[in-house]
Amino acid sequence: MMSLLAPRIRITAAASQQCLPDAALSYLYDCCSRSYSSISTPKLAYEIITDGNVVSSQEDQEKETIVFLHGLLGNAKNLRTPAKKLTRQLPHLSALLLDIRGHGGSSSSQHLQPHNFHSCVQDIFHTLKPLGLVGKNSPTAVCGHSLGGRIALQYSHTLQQEQHDHNILTPKQTWILDSVPGTPDPSVHHVLKAISSIPLPITCKSTLIETLMSEYKMNKAIAQWIASNLKGKKDEYSWVFDLEIANELVDNFADQNFAEMIHEITTGSSNKALNSTIHLVMAGRNKEWKEDIVANLKSIPTFGDSFHMHKLENAGHWVHVDAVNELTQLMVDGLSDTR
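> In this structure, what is going on with the overall build of the chain? I would like to understand it.
From N to C terminus, the chain includes 13 helices and ten strands. By sequence separation, contacts in the chain at least 24 residues apart represent 76% of the contacts at least 6 residues apart. Total accessible area on the chain is roughly 16600 Å²; 50% of this is exposed by carbon and sulfur atoms.

> Help me understand the pattern of salt bridges, please; the structure alone is not making it clear to me.
Should their charged atoms come close, side chains of opposite charge can pair. Inspection of the entire model under this criterion finds four salt bridges. The partner of Lys63 in a salt bridge is Asp51, and the shortest N-O contact between them spans 3.3 Å. One end of the pair, Lys63, is in the loop between β2 (53-55) and β3 (64-69); the other, Asp51, is in the loop between β1 (46-50) and β2, with twelve residues separating them in the sequence. Judged by its relative accessible area of 14%, Lys63 is buried. Residue classification places Asp51 among the partly exposed positions, given a relative accessible area of 37%. Note that Arg285 and Asp322 form a salt bridge whose closest N and O atoms lie 3.4 Å from each other. Of this pair, Arg285 sits in the loop between β9 (277-283) and α11 (291-298) while Asp322 sits in helix α12 (residues 319-322), and the two are 37 residues apart along the sequence. When its relative accessible area of 52% is taken as the criterion, Arg285 is described as exposed. Residue Asp322 is classed as partly exposed on the basis of its relative accessible area, which comes to 39%.

> What's the story with the nonpolar core in this structure? I'm lost.
A general trend in soluble globular proteins is that nonpolar side chains are found buried together. Core analysis: the biggest nonpolar cluster contains 48 residues, and Leu69, Ile151, Tyr155, Leu212 and Trp239 have the highest contact counts within it. Those residues in contact with Trp239 that lie beyond four places of it in its chain are Ile195, Ile198, Leu200, Ile202, Leu208, Ile226, Asn229, Leu230 and Lys231. Of all hydrophobic cores here, the second largest spans 25 residues; its members include Ala83, Cys143, Ala283 and Ala315.

> How do you make sense of the sheet that holds strand β6 (residues 173-177) when you look at a structure like this?
Backbone-to-backbone hydrogen bonds join strands into a sheet, with any given pair of strands oriented parallel or antiparallel. Here eight strands make up an open sheet; going across it, the order is β2-β1-β4-β3-β5-β6-β9-β10 and the pairing mixed. A single partner strand is all that each edge strand has here, and the edge strands are β2 and β10 (307-312). Averaged over all pairs of adjacent strands, the angle between strand axes in this sheet comes to 25°, irrespective of strand direction. Pairing analysis gives five bridges linking β6 to β9, with the strands arranged parallel. By the bridge assignment, Ile176 is partnered in β9 with Leu280. Along the sheet face, helix α10 (residues 258-267) touches β6, β9 and β10 and points at about 145° away from the line of β9. The strands touched by helix α13 (residues 324-335) within the sheet are β3, β4 (93-98), β5 (141-145), β6, β9 and β10, with β6 carrying the most contacts at an inclination of about 165°.

> Would you take a moment to explain unusual backbone geometry for this structure?
As a rule of thumb, non-glycine residues mostly have phi less than zero, and peptide bonds are mostly trans rather than cis. Each neighbour pair has its own omega, and for Gln113 with Pro114 the value is 5°, a cis peptide bond. Within the secondary structure layout, Pro114 lies in the loop between β4 and α4 (117-128). With an omega dihedral of 0°, the bond running from Leu200 to Pro201 counts as a cis peptide bond. Looking at where Pro201 falls in the secondary structure, it is placed in the loop between α6 (186-197) and α7 (205-214). A positive phi angle, close to 55°, is found at Ser146, a residue other than glycine. Relative to the helices and strands, Ser146 resides in the loop between β5 and α5 (147-161). Phi is positive for Lys217, close to 55°, though the residue is something other than glycine. Mapped onto the elements of the fold, Lys217 is located in the loop between α7 and α8 (220-227). Looking at Lys217, the relative accessible area reads 68%, which means it is exposed.

> What should I look at first to understand the packing of aromatic side chains in this one?
One pair of aromatic rings is described through two measures. These are the centre distance and the angle between the planes. Overall, the coordinates contain five aromatic pairs when judged by the stated rule. Summarising the aromatic geometry, the rings of Phe303 and Phe307 are spaced 6.0 Å apart at their centres and angled 65° between planes, so their arrangement reads as edge-to-face. Assessed through its relative accessible area of 33%, Phe303 is described here as partly exposed. Under the relative-accessibility criterion, Phe307 is labelled buried at 0%. Arg150 extends its terminal NZ or CZ atom over the ring of Phe253, reaching a point 4.2 Å from the ring centre.

Calculation criteria
- Residues numbered from 1 in each chain as written.
- Predicted model: local features only at pLDDT ≥ 70, side-chain atom pairs only at ≥ 80, totals over all residues.
- Heavy atoms only, no water.
- Helix = DSSP H or I, 4+ residues; strand = E, 2+ residues; numbered from the N terminus.
- Contact = heavy atoms within 4.5 Å.
- Areas by Shrake-Rupley, 256 points an atom, 1.4 Å probe, with all protein chains shown as cover.
- Salt bridge = Lys/Arg side-chain N within 4 Å of Asp/Glu carboxyl O.
- Buried < 20%, exposed > 50% of the residue type's maximum accessible area, 1.4 Å probe, protein only.
- Core = buried A, V, L, I, M, F, W, Y, C linked by side-chain atoms within 4.5 Å.
- Pairing = 2+ DSSP bridges.
- Axes fitted to C-alpha atoms, helices over the stretch in contact; angles between N-to-C directions.
- Phe/Tyr/Trp six-rings, centres within 6.5 Å; stacked < 30°, edge-to-face > 60°.
- Lys NZ or Arg CZ within 6 Å of the ring centre and 35° of its normal.

Structure (structure tokens):
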């Protein structure tokens, strides 16, 4: 990956007094300031998938890009399967899978507060720019699961509605995978509280799973998934994510006006070609999709036009796992229209 850190500039007292005029000093101090400020918005860890394969770089500049954003306590690899299937069926597309701040390969980066959706979007901007995905090469679509879906919504809203100077265009399509509007389900806080209470370092993965199941009443699938988020060597494991950042991002859920943002994104410009079509995919087995929530979303004026809702009846929250073929086909049908 390319580094965003500018070369260090050292200004000695002797140089400032003997060699450099005030204008030159001002310029150098400004360079130093920009260098250090870039550290506060580090580029995210990423993975590129082309024609169904993970590649080191995007060599075919003619391909369009779709950005994938994972869910809470996950990482980019969670979305590899749908990305591989999608890019095999739509060879004009390349997938850019990102680790959002505080997660995966982006967990060890220095991310300054606030840890909110807006900051996550700025991280994405500072990832796309070094990769040359700006202007006419801006991503044609963004797709996020759960927390990633909320960030995808914020990304498109920022590009459509807010002032910015990043030269990144609004994506033609925004895919939101089982992100339920409103406050998070209580189980999310339960998981975060349980993880926070586990003393570090963790010495044994199997013991961790047993503890989560017996003391915190988690089912085996959830406990195993949590245990898969460990890094380090035997007897000295730690979490691959940053719990402080994860908790603060969850606190942002209630502040996001989901329905209003969808309406604004899909109607923001009088030129419909500049608006983003939104596809919201719901898991049929996710009980959080209450009737009033669904009815409120269907009342958005652009519903059925530039805002579409899809329901995968037999899928749980991890729609990209439980119904990956059905999800891929939905996306193939939708994204075929972007050309």
